[in-house]
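The lines below spell out each chain.
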Amino acid sequence: MWLTSKSLRFFSNLKRLNQLAASIVLTAVSILAVLPGVNAQQVLDTPIIQLESSSQWQQTLAEAKGETVYFYAWGGSKPVNDYLRWAAREIASRYNVRLRHVKVADISEAVSRLKAEDGSKSAIDLLWVNGENFSYLKEQHLLLGNLWSSIPNSALLAIQKLPLQNDFGVPIEGFEVPWGVGQFNIIADESLFSHTGSKQNTVTPSSILAVATQNPGRVSYPRPPEFHGTTFLKQLLVALSNKDQRLFSAATPQAQEDLLPLLWNYLDQLHPLSWQQGNAFPSSNTEQLSLFQQKQFVMTVSFNPNEIEKEKSEKRIPATSHRLYFAQGAITNSHNLAIPKAAQNSAGAKVVIHFLLSELAQKQKLNGSWGDPSVITPLLDEASTLPAQQELHSSWQQVIEDKWQQKYGA
């Protein structure tokens with residue numbers, strides 16, 4: 001939470017009185033956070049001002065001054081890159097911490113580097129991560145823990161409204177902090193699915209197949225392992241299997257044998273009707289959106305539920321464009337921030353996370369050109385939130401991508 005000058009004066013006076021008490025509170029919170037049977041809500045109920053005034057957080061702020069935080073994050077989006085440049089300026093002026101965005105095409109590059117370093121001192125201070133990459137790093141004990149109990153603004157997280165305590169079926173347990181939320185959705189003209197039998201605002205595998213039949217060569221999806229493309233396949237699999245519960249546990253050989261043929265049989269029908277007859281695919285959702293803007297495609301996909309309004313306000317897509325989601329619900333997951341255990345500037349990294357969870361930073365992320373939904377309670381917009389579908393277990397990600405590559409990637 002960002003403090004005004006008035007509240008800072010109040011805080012300064014209060015701090016002297018409450019320093020000892022707040023320290024006790026934060027220590028208790030830290031203990032509670034790791035005790036069995038104590039849920040995260042108990043931790044998050046602690047007032048932020050008490051956490052911010054604690055001696056532990058004040059020590060973190062002092063250690064962070066002058067540090068340079070190397071933040072490894074996807075660099076493929078201009079709105080995201082612009083947002084991080086804004087954040088870097090704010091963090092430098094408020095905390096005397098320099099934020100350097102190290103742009104990567106895929107965060108797995110940073111994961112591979114951490115794996116090779118094997119716990120030795122790392123040049124990576126902060127990661128933008130989720131899914132199978134988080135699962136691997138946590139399993140290999142390469143991440144710093146107790147982040148929720150050591151970063152005051154974690155108390156703002158809307159854990160009662162959003163699925164923020166698990167990452168692709170893997171408990172977060174303080175090893176990363178949610179930063180934003182993605183909900184898979186489809187953008188198309190409002191009339192496109194009106195005659196396919198789908199309920200209002202929803203699509204099904206059969207309705208997509210009907211649209212592809214009516215519009216040959218004008219439907220496709222990003223090429224897996226691009227995450228929009230992989231999520232499109234996961235949405236199809238959830239629908240085709242009637243939300244088989246095995247999708248939300250580790251992908252056993254028997255579950256793969258039972259469920260994956262449903263997806264391949266469907267794609268064998270869809271691909272001949274698709275762009276390039278399914279022999280080529282857009283490299284990303286950015287390319288797919290561009291082809292939609294050029295009216296070569298009749299639909300595109302997004303993980304940002306607010307993207308459609310951004311595109312319409314900039315008149316890059318028709319005003320008649322409409323947002324839809326799969327009838328089982330939009331696959332919903334958080335994208336998160338994590339600190340490697342071997343980071344050399346972990347105090348600075350915590351300060352960066354603290355700022356990125358502040359109301360100021362979350363509001364800028366939501367209302368600026370990025371439009372990424374907030375994860376904190378004060379800014380939660382339930383009206384724009386789509387009905388959620390639980391993410392598949394992280395193990396299905398690699399299985400689907402590998403099998404897809406074998407069947408269709410040549």
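Because the structure is a prediction, the values reported are computed rather than measured.

**Digging into the packing of helix 9 (residues 205-214) against helix 11 (residues 253-270)**
Relative orientation of the contacting elements helix 9 and helix 11 amounts to 15°, with a least axis distance of 10 Å. Considering the angle they form, helix 9 stands roughly parallel to helix 11. Judged by the sense of rotation from one axis to the other, the crossing of helix 9 with helix 11 is right-handed. Residues P205, I208, L209 and A212 of helix 9 form the contact with helix 11, whose participating residues are Y266, Q269 and L270. Here the contact of helix 9 with helix 11 is built from residues that sort into six nonpolar, one polar and no charged.

**A closer look at the packing of helix 4 (residues 55-64) against helix 14 (residues 346-356)**
At a closest axis distance of 8 Å, the pairing of helix 4 and helix 14 adopts a crossing angle of 110°. Comparing their axes, helix 14 and helix 4 come out roughly perpendicular. Helix 4 and helix 14 meet at a crossing whose hand is left-handed. In this structure, helix 4 contributes W57, T60, L61, E63 and A64 to the contact, and helix 14 contributes A347, G348, K350, V351 and H354. Classifying every residue of the contact of helix 4 with helix 14 gives five nonpolar, three polar and two charged.

**Comments concerning the pattern of salt bridges**
Per the stated rule, a full pass over the model turns up ten salt bridges. Ionic pairing is found between E173 and K138, a salt bridge with its closest N-O pair at 2.7 Å. Residue E173 is located in the loop between strand 5 (170-171) and strand 6 (177-183), and its partner K138 is located in helix 7 (residues 131-139); the two are separated by 35 residues in the primary sequence. A relative accessible area of 16% means that K138 is categorised as buried. With a closest N to O distance of 3.1 Å, K234 and E391 form a salt bridge. Linking K234 in helix 10 (residues 227-240) with E391 in the loop between strand 12 (388-390) and helix 16 (394-408), this pair joins segments that are 157 residues apart in sequence.

Rules used in this analysis
Residues numbered from 1 in each chain as written. Predicted model: local features only at pLDDT ≥ 70, side-chain atom pairs only at ≥ 80, totals over all residues. Heavy atoms only, no water. Axes fitted to C-alpha atoms, helices over the stretch in contact; angles between N-to-C directions. Helix = DSSP H or I, 4+ residues; strand = E, 2+ residues; numbered from the N terminus. Parallel < 35°, antiparallel > 145°, perpendicular 65-115°, else oblique. Left-handed = near helix turned anticlockwise from the far one by under 90°. Contact = heavy atoms within 4.5 Å. Nonpolar A, V, L, I, M, F, W, Y, C, P; charged D, E, K, R; others polar. Salt bridge = Lys/Arg side-chain N within 4 Å of Asp/Glu carboxyl O. Buried < 20%, exposed > 50% of the residue type's maximum accessible area, 1.4 Å probe, protein only.

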